[in-house]
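# Residue-level structure breakdown
Residues per chain, in single letters:
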Amino acid sequence: MERGGSGGTAAGIACGMGAGALWGLVFLAPALVRDFRPIDLAVGRYLAFGLMAALLAAPRWRRLLAGLPPGAGWALAWLALAGNLLYYVLLASAVQLGGIAITSLVIGFLPVAVTIIGSRARGAVPLRRLAASLLLCGAGALCIGWQAVFGVRTEPALFQLAGLGCAIGALLSWTAFAVGNRHWLDRLPQMEAQDWNLLVGLMTGVQALLLLPVALWMGMGDHAPDAWARFASVSVGVALLASILGNGLWNRMSRLLPLTLVGQMILFETAFALLYGFVWEQRWPTMLESAAFLLVVLSVVTCIAAHRRPAAEAMTAA
């Protein structure tokens, strides 16, 4: 177990910020390759992720397998599905059916869900000390989705409901991944965090390969050569930056921070995604977007303060 000490907390937060900065790039991918559907993007990204993971893990493949306990294969399978393929497809479907705002509103509660679950762990910071952070997080999520959710809607009500269902499914899927992934990292202290990420990547690549015939049947191959070149570049770039480097930083952070603080680190993905979106659209944020960004920052700061307080009290008592 690597957790502990103010130095570990600072390193964990830095890793969380790095993961959020890299994961935020994923939101630019659909804008760069608009001719391809979410299922195409998921298959392309995770096939590239699986291939990279296989190349990086090949030199020490036997040692990696020897360190796995019984049941790890099934764990890798459902973690790959819940945290990668299923989450991405549900998220993209929610955006298409219900719109970006309602999806952001629901996904914005990921930190709340993970933090509440983490508060039940032994030695965790009590939930009452995290109340301010959770309220700020919820307020930030509301600001992100408020204008479009309560504005004029062009989509049929049935589409809105279907989009809401997909967004809730994505929320549950990634929450299960965050908690389950942390459990297995704690169970395998002898394994490097990046090695575990590569094993998840290998399993995700296998699942993406099984999904490829479905994507081809739905018309994935009906594109010009230049569109395919752009798609391949985006898939490889996202796989390298978000899946290899971003996931590696996230796993490292998961070992350094308590689960109640891990949940708050997800907010950095939202914050960086907003920043990249403003740059891509060449505009300044609206008042609501500015308020959401400020609330996200305050939520993380108050959560960090809540975790520092027990440590300070312990030192005083000693």
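Here the structure is a predicted model, which is why all the values come from computation and not from measurement.

## With respect to the overall build of the chain
Broken down by element type, the chain carries 14 helices and zero strands. Beginning at the N terminus, the succession of helices and strands in the chain can be written as α-α-α-α-α-α-α-α-α-α-α-α-α-α. Out of the 318 residues belonging to the chain, those deemed buried represent 49%. Taking contacts inside the chain between residues at least 6 apart in sequence as the whole, the part at least 24 apart equals 89%. A total of about 15400 Å² of accessible surface is found on the chain, and carbon and sulfur atoms cover 71% of it.

## Overview of the packing of aromatic side chains
All chains considered together, the criterion is met by 12 aromatic pairs. Taken together, a centroid distance of 5.6 Å and an interplanar angle of 85° make the contact between Trp228 and Phe231 edge-to-face. Here Trp228 and its partner Phe231 are both found in helix 11 (residues 225-256), three residues apart, which amounts to about one turn of the helix. Overall, Trp228 belongs to the partly exposed group, its relative accessible area being 28%. Classification of Phe231 by relative accessible area gives buried; the value is 5%. Seen from their ring centres, Phe272 and Tyr276 are 6.1 Å apart, and the 40° between their planes marks the pair as tilted. A residue pair is termed a helical-turn pair when its members lie 3 or 4 positions apart in one helix, as Phe272 and Tyr276 do in helix 13 (residues 267-281) at four residues. One aromatic cluster is present, formed by Trp23, Tyr87, Trp174, Phe177 and Trp250 through successive ring pairs.

## What about the environment of Arg230?
With respect to the helices and strands, Arg230 occurs in helix 11. In this structure the C-alpha to C-alpha distance between Arg230 and Leu32, which are 198 residues apart in sequence, comes to 8.0 Å. Of note is the side chain of Arg230, whose polar atom sits 3.4 Å from the backbone oxygen of Leu32.

## Things to note about the nonpolar core
Counting 83 residues, the largest nonpolar core has Trp174, Trp196, Trp250 and Met265 as its most contacted members. Sort the elements by how many residues they give to this core and helix 5 (residues 72-98) lands first, with 12 residues. What Trp196 contacts, discounting residues up to four positions off in sequence, is Leu68, Leu76, Leu79, Asn181, Trp184, Leu185, Leu188, Met191 and Asn251.

## Some remarks on the packing of helix 10 (residues 193-217) against helix 11
Look at helix 10 against helix 11: their axes get within 8 Å of each other, and the N-to-C directions meet at 130°. With respect to their mutual orientation, helix 10 and helix 11 come out oblique. Crossing geometry of helix 10 relative to helix 11 is assigned as right-handed. In contact with Ala193, Gln194, Trp196, Asn197 and Leu198 of helix 10, helix 11 contributes Ser243, Ile244, Asn247, Gly248, Asn251, Arg252 and Arg255. The residue makeup of the contact of helix 10 with helix 11, split by class, is four nonpolar, six polar and two charged.

## A closer look at the side chain of Ser243
Inspection of the secondary structure puts Ser243 in helix 11. Of the polar contacts made by the side chain of Ser243, one reaches the side chain of Arg45; its length is 3.2 Å. Residues within four places of Ser243 in sequence aside, it is in contact with Arg45, Tyr46, Phe49, Asn197, Val238 and Gly248.

Rules used in this analysis
- Residues numbered from 1 in each chain as written.
- Predicted model: local features only at pLDDT ≥ 70, side-chain atom pairs only at ≥ 80, totals over all residues.
- Heavy atoms only, no water.
- Helix = DSSP H or I, 4+ residues; strand = E, 2+ residues; numbered from the N terminus.
- Buried < 20%, exposed > 50% of the residue type's maximum accessible area, 1.4 Å probe, protein only.
- Contact = heavy atoms within 4.5 Å.
- Areas by Shrake-Rupley, 256 points an atom, 1.4 Å probe, with all protein chains shown as cover.
- Phe/Tyr/Trp six-rings, centres within 6.5 Å; stacked < 30°, edge-to-face > 60°.
- Polar contact = N/O pair within 3.5 Å; in protein donor to acceptor, adjacent residues only side chain to side chain.
- Core = buried A, V, L, I, M, F, W, Y, C linked by side-chain atoms within 4.5 Å.
- Axes fitted to C-alpha atoms, helices over the stretch in contact; angles between N-to-C directions.
- Parallel < 35°, antiparallel > 145°, perpendicular 65-115°, else oblique.
- Left-handed = near helix turned anticlockwise from the far one by under 90°.
- Nonpolar A, V, L, I, M, F, W, Y, C, P; charged D, E, K, R; others polar.

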